[in-house]
Amino acid sequence: MQSQQYQQQRRKFAVAFLAFIFILAAVDTAEAGKKEKPEKKVKKSDCGEWQWSVCVPTSGDCGLGTREGTRTGAECKQTMKTQRCKIPCNWKKQFGAECKYQFQAWGECDLNTALKTRTGSLKRALHNAECQKTVTISKPCGKLTKPKPQAESKKKKKEGKKQEKMLD
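Here the residue numbering is sequential within each chain, running from 1 through the sequence in written order. Reporting in this predicted model follows two pLDDT cut-offs: at least 70 for local features of residues, and 80 or more for side-chain atom pairs to be given and counted; totals over whole chains, interfaces and linings ignore these cut-offs and use all residues. Excluding hydrogens and water, the side-chain figures rest on all heavy atoms present in the structure.

Rules: UniProt positions are given in the numbering used here, feature names are shortened, and annotations may be inferred rather than shown by experiment.
In the nomenclature of an unreviewed UniProt entry, the chain is known as Pleiotrophin of Oryctolagus cuniculus. Within the UniProt record for the chain, the comment given under Sequence similarities (unreviewed entry) is "Belongs to the pleiotrophin family." UniProt lists a comment for the chain under the heading Subcellular location (unreviewed entry), and it reads "Secreted".

Here it is as structure tokens:
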């Protein structure tokens, strides 16, 4: 009986071993059948980085415009190109059209100069523009006049409209 069990175990081992060899051969032929993809060649460029000029508006001092870019290199196919750009019309142009600042509230009126000032810190610079980190602007103080009571002026307007309707 032991010999029969031994022979059965030996057959099972032989079958398992043959199955393992068969699977290895199948995997090896499947991998051999695949075509090896040639690795993409890394293209080294002698071209330098693009250097962009400031945005020049098409008309006026803000809105759509163009900028020119240049780069250097012996084997560059393209050394100049033009790109569309936009200068927002609400930016403070006195500090550069490509520099945006976050401003604080207006300060108190200086009675000696009759000006009030506020400071702005750089929020964003477009296309590597050279911008000041902080800027200060001034404006004349407003006229000091007493505000009219709104209730009376509204009543006068309503009365005037009523009289116009009656005349029509």
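### What about the sheet that holds strand E6 (residues 115-125)?
How we decide: At least two bridges found by DSSP between two strands are what make those strands a pair. Segments assigned H or I by DSSP are reported as helices when at least four residues long, segments assigned E as strands when at least two residues long, and all are numbered from the N terminus. All axes here are fitted lines through C-alpha atoms, helices being fitted over the stretch that makes contact, and every angle between N-to-C directions spans 0 to 180 degrees.
Here we have three strands laid out as an open sheet, ordered E5-E6-E7, and antiparallel in their pairing. Each edge of the open sheet is held by one strand with a lone partner, namely strand E5 (99-103) and strand E7 (134-140). Taking the axes of each pair of neighbouring strands and ignoring which way they run, one obtains an average angle of 40° across the sheet. In this structure, E5 lies alongside E6, joined through five bridges in antiparallel fashion. Looking at E6, one finds that Gln102 is bridged to Ser121.

### Re the nonpolar core
Here is the rule: To define a nonpolar core, start from buried Ala, Val, Leu, Ile, Met, Phe, Trp, Tyr and Cys residues and group those joined through side-chain atoms within 4.5 Å. Exposure classes here rest on a 1.4 Å probe applied to the protein chains alone. A residue is buried below 20% of its type maximum, exposed above 50%, and partly exposed in between.
Residues Cys99, Tyr101, Phe103, Cys131, Val135 and Ile137 constitute the largest nonpolar core, which totals six residues. The set of elements that each furnish at least two residues to this core consists of E5 and E7. The element best represented in this core is E5, accounting for three residues.

### As for the state of the cysteines
Short version of the rule: For this text, the term disulfide refers to a pair of cysteine sulfurs within 2.5 Å.
Evaluation of the coordinates by the stated rule reveals four disulfides. Across a sulfur-sulfur distance of 1.9 Å, Cys99 and Cys131 are joined as a disulfide pair. Its S-S torsion of about -80° marks the bond between Cys99 and Cys131 as left-handed, since a negative value means left-handed. Of this pair, Cys99 sits in strand E5 while Cys131 sits in the loop between E6 and E7; the two residues are 32 residues apart in sequence, bridging distant segments of the chain. Cys131 matches Cys99 in its accessibility class, with the two residues each being buried. Linked covalently through their sulfurs, Cys109 and Cys141 form a disulfide whose S-S length is 1.8 Å.

### Some points on the packing of aromatic side chains
The cut-off we apply is this: The aromatic pairing rule takes the rings of Phe, Tyr and Trp, using the six-membered ring of Trp, and pairs them if the centres are within 6.5 Å, calling planes under 30 degrees apart stacked, those over 60 edge-to-face and the rest tilted.
Here the structure, examined in full by the defined rule, presents three aromatic pairs. Ring centres of Phe13 and Phe17 lie 6.4 Å apart, and the angle between their planes is 20°; this geometry places the pair in the stacked category. Taken as a pair, Phe13 and Phe17 lie in helix H1 (residues 2-33) at a separation of four residues, close to a single helical turn.

### Quick look at unusual backbone geometry
Phi at Ala114 is positive, roughly 60°, even though this residue is not glycine. Structurally, Ala114 is set in the loop between E5 and E6.

### Points about the side chain of Arg67
Threshold: In protein, a polar contact means a hydrogen-donor-capable atom and an acceptor-capable atom, both N or O and within 3.5 Å, with residues adjacent in sequence counting only if both atoms are side-chain atoms; elsewhere, any N or O pair within 3.5 Å suffices. Contact criterion: two residues are considered in contact whenever any of their non-hydrogen atoms come within 4.5 Å of each other.
Within the fold, Arg67 resides in strand E3 (residues 63-70). Reaching out from Arg67, the side chain makes a polar contact with the backbone oxygen of Ser53 at a distance of 2.8 Å. Residues within four places of Arg67 in sequence aside, it is in contact with Trp52, Ser53, Val54, Cys55, Lys81, Thr82, Gln83, Cys85, Glu98 and His127.

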